[in-house]
Amino acid sequence: MIKKCLFPAAGYGTRFLPATKATPKEMLPVLTKPLIQYGVEEAIDAGCETMAIVTGRGKRAIEDHFDISYELEHQIKGTNKEHYLTEIREVIENCTFSYTRQTKMKGLGHAILTGQTLIGNEPFAVLLADDLCDSKAQGVLKQMVKLFEKYQCCIVAIEEVPKEDTNKYGVIAGKQIEDGIYMIDNMVEKPEPQDAPSNLAIIGRYILTPDIFEIIENTKPGKGGEIQITDALMTQAKRGMVLGFKFDGVRFDCGSIDGFVKATNHFYKKI
Ligand code: G1P
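Rules used throughout
- Residues numbered from 1 in each chain as written.
- Predicted model: local features only at pLDDT ≥ 70, side-chain atom pairs only at ≥ 80, totals over all residues.
- Heavy atoms only, no water.
- UniProt positions renumbered as here; feature names shortened; annotations may be inferred.
- Helix = DSSP H or I, 4+ residues; strand = E, 2+ residues; numbered from the N terminus.
- 1 Å grid on protein atoms, 1.4 Å probe; cavity = no way out; pocket = protein on both sides within 12 Å on 5 of 7 lines; lining within 4 Å.
- Points joined across faces, edges and corners; volume = space filled by probe spheres on them.
- Near = heavy atom within 4 Å.
- Polar contact = N/O pair within 3.5 Å; in protein donor to acceptor, adjacent residues only side chain to side chain.
- Areas by Shrake-Rupley, 256 points an atom, 1.4 Å probe, with all protein chains shown as cover.
- Axes fitted to C-alpha atoms, helices over the stretch in contact; angles between N-to-C directions.
- Parallel < 35°, antiparallel > 145°, perpendicular 65-115°, else oblique.
- Left-handed = near helix turned anticlockwise from the far one by under 90°.
- Contact = heavy atoms within 4.5 Å.
- Nonpolar A, V, L, I, M, F, W, Y, C, P; charged D, E, K, R; others polar.
- Buried < 20%, exposed > 50% of the residue type's maximum accessible area, 1.4 Å probe, protein only.
- Patch = residues over 30% accessible without salt bridge, like charges linked within 9 Å, V, L, I, M, F, W, Y side chains within 5 Å.
- Salt bridge = Lys/Arg side-chain N within 4 Å of Asp/Glu carboxyl O.
- Core = buried A, V, L, I, M, F, W, Y, C linked by side-chain atoms within 4.5 Å.
- Phe/Tyr/Trp six-rings, centres within 6.5 Å; stacked < 30°, edge-to-face > 60°.
- Pairing = 2+ DSSP bridges.

Colleague: I tried to follow the UniProt feature "domain: Nucleotidyl transferase" (unreviewed entry) in the protein on my own but got confused; where do I start?
Modeller: UniProt records the feature "domain: Nucleotidyl transferase" (unreviewed entry) for residues 9–266 in the present numbering. A helix fraction of 32% and a strand fraction of 26% characterise residues 9–266, whose end C-alpha atoms lie 24 Å from each other.

Colleague: Is there a simple way to think about the layout of surface pockets in this case?
Modeller: Where empty space is left in the structure can be found by rolling a water-sized probe over the atoms. A volume near 1,200 Å³ is recorded for the largest pocket. Lining the largest pocket are 41 residues; nearest its centre among them are Arg 15, Lys 25, Leu 128, Asp 130 and Lys 190. Listing elements by their share of the lining of the largest pocket, those giving two or more residues are α5 (108–114), β11 (200–208), α9 (229–239) and β13 (250–253). When residues of the lining of the largest pocket are assigned to their parent elements, the largest contribution, four residues, is made by β11.

Colleague: What should I look at first to understand the site of the ligand in this one?
Modeller: Taken together, 13 residues are adjacent to the ligand, and Asp 131, Gly 170, Glu 189, Lys 190 and Ile 202 come closest. Interatomic distance of 2.7 Å between a side-chain N/O atom of Lys 190 and an oxygen atom of the ligand. One nitrogen or oxygen atom from the side chain of Thr 230 is found 3.3 Å from an oxygen atom belonging to the ligand. With the chains in place, 75% of the 380 Å² that the ligand exposes on its own is no longer accessible.

Colleague: What is the right way to look at the packing of helix α1 (residues 35–45) against helix α4 (residues 86–94) in this model?
Modeller: Each packed pair of helices is defined by two parameters, the angle between the axes and the distance between the axes. Packing of α1 against α4 brings their axes to within 11 Å, and their N-to-C directions diverge by 50°. One element, α1, and the other, α4, form an angle in the oblique class. The element α1 and its partner α4 pack so that their crossing is left-handed. On α4, the residues touching Gln 37, Val 40, Glu 41 and Ile 44 of α1 are Glu 87, Ile 88, Val 91 and Asn 94. In terms of residue class, the contact of α1 with α4 is made up of four nonpolar, two polar and two charged.

Colleague: In this structure, what is going on with the side chain of Thr 166? I would like to understand it.
Modeller: Within the secondary structure layout, Thr 166 lies in the loop between β8 (154–160) and β9 (170–178). By relative accessible area, Thr 166 is classed as buried at 0%. Excluding anything up to four places from it in sequence, Thr 166 contacts Val 171, Lys 190, Pro 191, Glu 192, Pro 193, Ala 196, Ser 198 and Asn 199.

Colleague: Sorry, what's going on with a nonpolar patch on the surface here?
Modeller: A cluster of nonpolar side chains, namely Leu 31, Tyr 268 and Ile 271, defines an oily patch on the protein surface of about 360 Å² accessible area. In this structure, Ile 271 sits in the segment after α10 (257–269).

Colleague: I keep staring at the nonpolar core and nothing clicks. Help me out?
Modeller: The nonpolar side chains of soluble globular proteins are, as a tendency, buried together. Counting 39 residues, the largest nonpolar core has Cys 5, Phe 7, Ile 36, Val 40 and Met 51 as its most contacted members. At six residues, the largest contribution of residues to this core is made by helix α7 (residues 140–151). Look past the residues within four positions of Val 40 in its chain and what remains in contact with it is Phe 7, Met 51, Phe 66, Val 91, Cys 95 and Phe 97. Residues Leu 6, Ile 119, Ile 202 and Ile 216 belong to the second largest nonpolar core, which totals 32 residues.

Colleague: Can you walk me through the packing of aromatic side chains in this structure?
Modeller: The description of an aromatic ring pair rests on the distance of the ring centres and on the angle between the ring planes. Going through the model one piece at a time under the given rule, you end up with four aromatic pairs. Ring geometry for Phe 16 against Phe 260: centres 5.5 Å apart, planes inclined by 55°, an arrangement best described as tilted. In this pair, Phe 16 sits in the loop between β1 (4–8) and β2 (29–30) while Phe 260 sits in helix α10, placing the two residues 244 residues apart along the sequence. You can call Phe 260 buried: its relative accessible area is 12%. With centroids separated by 4.4 Å and ring planes inclined at 15°, the aromatic side chains of Phe 66 and Phe 97 adopt a geometry described as stacked.

Colleague: Explanation requested: α1 in the structure shown.
Modeller: Helical geometry note: an α-helix holds 3.6 residues per turn, so side chains three or four residues apart project in the same direction. Taken across its 11 residues, α1 has eight buried, putting it largely inside the fold. Along α1, the residues that are buried comprise Leu 35, Ile 36, Gln 37, Tyr 38, Gly 39, Val 40, Glu 42 and Ala 43. The positive-phi residue at the C-terminal boundary of α1 is Gly 47, with phi of around 100°.

Colleague: Quick question: what am I supposed to make of the pattern of salt bridges here?
Modeller: Two side chains that carry opposite charge are able to pair once their charged atoms sit near each other. Applying the stated criterion across every chain, the model contains 19 salt bridges. Of the charged contacts in the structure, one is a salt bridge between Glu 42 and Arg 205, with a shortest N-O distance of 2.8 Å. Of the two residues, Glu 42 sits in helix α1 while Arg 205 sits in strand β11, which places them 163 residues apart along the sequence. Of the two residues, Glu 42 and Arg 205, neither departs from the other in class, the shared state being buried. In this structure, Arg 251 and Glu 159 form a salt bridge, with 2.9 Å as the shortest nitrogen-oxygen distance.

Colleague: Before we go on, may I ask you to explain the pairing of β8 in this structure?
Modeller: As a general feature of sheets, a regular strand has side chains that alternate between the two faces. Across the seven residues of β8, six count as buried, placing the element largely inside the fold. Judged from the five bridges that link them, β8 and strand β12 (residues 242–246) form a sheet pairing that is parallel. Across the sheet, the residue bridging to Val 156 is Gly 244, located in β12.

Next up, the structure:
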């Protein structure tokens, strides 16, 4: 039922300069695979067929990555190096990619609204590639799609974070209606620890219903002067229902050096 996954990928990646000067941050590799490919594989595993990528200036390497490189194919075909291309070939065969550009950086809410043209009028997933997730059984997005089938409403993935870190995340509060599932009654973008309604932080996986676009259009700039998806979802929660979902698995904040190194070690141990 969730067939499209939106990837906001227009950010500058300043924390990884100079690496991100000419390379999109989404293309930084954990081992040999770019961050965004992990995300796309998670979305395919969840049943998504269209990857809707909101890019920006200097991000063309993403489009080239998810396309066939005839020269490379020609060079490598029939050699003992061909297996290096197995995974990316599978990705390219199993979904389609569509792109649009966000010309101004006005926040995650604005990035999602920019993607409306690629999504249309259907529920969709949002995946932030720098939150790299791994799980033993089902992928995080797949777990969320299952939950959507039951509740048919917006869902955000959440995890407990140390209280002193609440100012890095959207933070929710709500009533637990099932084990690890919260009906959200409050959500705040990057609150200081003393103002945080809990230590349940939103991580970069969302299932959204298409009415969110109209809500974002009417959402005023919030934290940092940017249009925040957290604020739009709070409006949604007041109107109807938004769920917070404690997923099964681990998450690495690959937008930080510490998280990136931890992710690299985690995936290296799995080889
Ligand atoms: C964004 C969202 C925030 C969320 C986070 C997850 O923040 O605005 O609510 O908790 O992603 O990674 P960003 O990390 O883009 O500043």
